[in-house]
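These are the residues of each chain, in order.
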Amino acid sequence: MATSFKQITDSNGRVYRIGETPEDLMGRSRGWMVFLPWIAMMAVSVFEYGWGAAEDILEQAHGWTVNNAFWLASVWAIFQAAVAFPAGRLREKGIVSARAAMIVGAICSGIGYFTIAHSGNLVLAFIGYGVLGGVGAGLVYATCINMVGKWYPDKRGARTGFVNGGFAYGTLPFIFIFASFLTPTNFTVLLDLVGVYMLIVVGVCGMLFRDPPKNWWPAEVDPLTATSGKNKNLAKNPPAVRQYTPVEAIKTGMLPLMWITLVVIGAVSLFGINFQVKFAQASGFGAFVAAASASAVALINGIGRGLCGWLSDKLGRKQTLTLVLLVAAVAQFGMLFAGNTGNLWLFIFFAFVVGFGGGAFYPMFATLVPDYFGENNNASNYGLVYSAKLVSGVFGGGVAAAIVTGWGFTGAYVLAGCLALLSAVMTLFLRQPGRKKVDETHEQQAPVLAVS
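Within each chain, residue numbers correspond to sequence positions counted from 1 in written order. The predicted nature of this model means local features are confined to residues of pLDDT at least 70 and side-chain atom pairs, given and counted, to a pLDDT of 80 or more, with totals for whole chains, interfaces and linings taken over all residues. Excluded from the side-chain calculations are hydrogens and water; all other atoms, namely the structure's heavy atoms, are used.

Asks: Give a detailed account of a nonpolar patch on the surface, specifying residues and quantitative values.
Replies: Patches here are clusters of residues that have more than 30% relative accessible area and form no salt bridge, with a 9 Å joining cutoff for like charges and a 5 Å cutoff for nonpolar side chains (Val, Leu, Ile, Met, Phe, Trp, Tyr). Only the protein chains shown count as covering a residue, and every accessible area follows the Shrake-Rupley method with a 1.4 Å probe. Counted as salt bridges are all cases of a side-chain nitrogen of Lys or Arg within 4 Å of a carboxyl oxygen of Asp or Glu. Nonpolar side chains collect at one region of the surface, where Ile107, Ile111, Val123, Ile127, Leu132, Val196, Leu199, Ile200 and Val204 lie side by side and expose about 720 Å² of accessible area between them. Counting from the N terminus, the helices are DSSP H or I runs at least four residues long and the strands are E runs at least two residues long. Put simply, the parts of the chain that give the nonpolar patch at least two residues each are helix 7 (98-118), helix 8 (122-151) and helix 11 (187-206). Here the nonpolar patch takes 4 residues from helix 11, the largest share from any one element. Relative to the helices and strands, valine 204 is located in helix 11. Only protein chains enter the calculation, and the probe is 1.4 Å; a residue is then buried if its accessible area is under 20% of its type maximum, exposed if over 50%, and partly exposed in between. Residue class for valine 204 comes out exposed when judged on its relative accessible area of 54%.

This is the structure:
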């Protein structure tokens, strides 16, 4: 017997579907759609945050150059971002389910690590690790982020930040394993184990994924009083005035502004991730300190995502995003000063600050998109915004390697700090499309429409 539900329409014409609990729809609480995506995100995090610790051994084992290794990372980042929009469109059209996307993501992610474990051929590495590994991780990332946003439209900040954080600190064990135990003689076995780990964990989590119906809203939260102050989270971050298609979202001007901002700060973040270990070594710190600083970046990066997600529910999404980007700018200059002066403890401190500022902006964009454009087309709309990583991946990897080679770490970190400041300024121009300031006490609501 089908569960009855109602559709209610607010004064802007936006429809909300209420009356069905998560238990009615999938037989368990919506909390499952937080923890399963979180676990899957931790599993694929080794691609982005573990590369800096593994690439030196791969260079030795396969005879690659630094530029080879970091262009490989750039290609991975390009395809990881590129798959988000087409996968989102296929999901929203009902052609590909969330479960199918996760299973394909698990297989491709495993292939990525199996490839670099068994072959030093650069062409195969670019195809297996860069293309297939990037597509796999991108499918997992986009599906997980959109899943939690769909099930928590009323309080998505903290939950999205929590899930997003797994993509950073999930790699902590691998950073230490790669830095301490990975050698040219054992790397094949260790990388094979990483591939198997991702294949199993992501695949099992993905089998339990399920999207809510279009326009679904938790019945215990009245969407018609969302901006009245009765619900503090929604008062600071009111729901989108309507459901925007990708074309409509682009025409508002806000989606392109988000895209450009993410290009800039994404490049800064990837630069910090990719070159943290090398800068530590160039500054005269030992292998353990280099690994510890990289681990600090990953740990605080992940914790910062969750913390800022929670904070954005209290302060507002845009305000929190601006604050995070300012912190990211300060971190670049601080890290440079600590490294150039050989100050170990200051270096570790700014490794924490770099970690915080270098990742907490991702859940802010992931929540701003449905806040501004609605949930129904979020997989596509966020896929468009996240595609900014196509460009930032090139600049944060291969181009950054060329800048470090030509300008040294000093020039690279100064440039990164200036770009982070620029991104913070750009966020000041963000505004929710169609939202008008009205007297909430006099707002007229449309009638409730009952649907069985």
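Don't stop here, the text continues.
Asks: How would you explain the pairing of strand 2 (residues 15-18) if you had to name every residue and give the values?
Replies: Following DSSP output, two strands are said to pair if at least two bridges run between them. The pairing of strand 1 (residues 5-9) with strand 2 spans 4 bridges and is classified as antiparallel. Across the sheet, glutamine 7 pairs through a bridge with arginine 17, a residue of strand 2. The turn joining strand 1 and strand 2, which pair antiparallel and follow one another in sequence, is formed by 5 residues; a positive phi near 90 degrees is taken by glycine 13.

Asks: Break down the pattern of salt bridges for me, with residues and values.
Replies: The tally for this structure, following the rule as stated, stands at 12 salt bridges. Of the charged contacts in the structure, one is a salt bridge between aspartate 371 and arginine 156, with a shortest N-O distance of 2.6 Å. Placement of the pair is aspartate 371 in helix 18 (residues 361-373) and arginine 156 in helix 9 (residues 156-169), with a sequence separation of 215 residues. Here aspartate 371 matches arginine 156 in class, with each residue buried.

Asks: Help me get a handle on the packing of helix 2 (residues 32-44) against helix 9, residues and values and all.
Replies: For helices, the fitted axis covers only the stretch in contact; all axes are lines through C-alpha atoms, and the angles between them, taken along N-to-C directions, range from 0 to 180 degrees. At a closest axis distance of 6 Å, the pairing of helix 2 and helix 9 adopts a crossing angle of 25 degrees. Between helix 2 and helix 9, the angle is such that the two are roughly parallel. Viewed along their axes, helix 2 and helix 9 form a crossing whose handedness is right-handed. The segment helix 2 lies against helix 9, with Val34, Phe35, Pro37, Trp38, Met41, Met42 and Val44 engaging Arg159, Phe162, Val163, Asn164, Gly166, Phe167 and Tyr169. Charged means Asp, Glu, Lys or Arg here, nonpolar means Ala, Val, Leu, Ile, Met, Phe, Trp, Tyr, Cys or Pro, and polar covers whatever is left, Gly included. Residues belonging to the contact of helix 2 with helix 9 are distributed by class as follows: 11 nonpolar, 2 polar and 1 charged. Roughly parallel means an angle under 35 degrees; roughly antiparallel, over 145; roughly perpendicular, 65 to 115; everything else is oblique. Here a crossing is taken to be left-handed if its near helix is turned anticlockwise relative to the far helix by less than a right angle, and right-handed if that turn runs clockwise. What makes two residues a contact is simply this: any of their non-hydrogen atoms within 4.5 Å.

Asks: Provide a residue-level description of the packing of aromatic side chains, including the pertinent values.
Replies: Here the distance between the centres and the angle between the planes together describe a pair of aromatic rings. Centre distance within 6.5 Å is the pairing criterion for rings of Phe, Tyr and Trp, where only the six-membered ring of Trp is used; planes under 30 degrees apart are then read as stacked, over 60 as edge-to-face, and the remainder as tilted. Applying the stated criterion across every chain yields a total of 23 aromatic pairs. Aromatic side chains tryptophan 38 and phenylalanine 162 sit 4.8 Å apart centroid to centroid with 25 degrees between the ring planes, which places their arrangement in the stacked category. Of this pair, tryptophan 38 sits in helix 2 while phenylalanine 162 sits in helix 9; the two residues are 124 residues apart in sequence, bridging distant segments of the chain. Given the relative accessible area of 25%, phenylalanine 162 is considered partly exposed. The interplanar angle of 35 degrees and the centroid separation of 5.7 Å between the aromatic rings of tyrosine 382 and tyrosine 386 together place this pair among those described as tilted. Taken together, the residues tyrosine 382 and tyrosine 386, both in helix 19 (residues 378-386) and 4 residues apart, mark about one turn of the helix. Residue tyrosine 386 is classed as buried on the basis of its relative accessible area, which comes to 1%. Ring pairs connect the aromatic residues Tyr141, Phe167, Phe361, Tyr362, Phe365, Tyr382 and Tyr386, which therefore count as one cluster.

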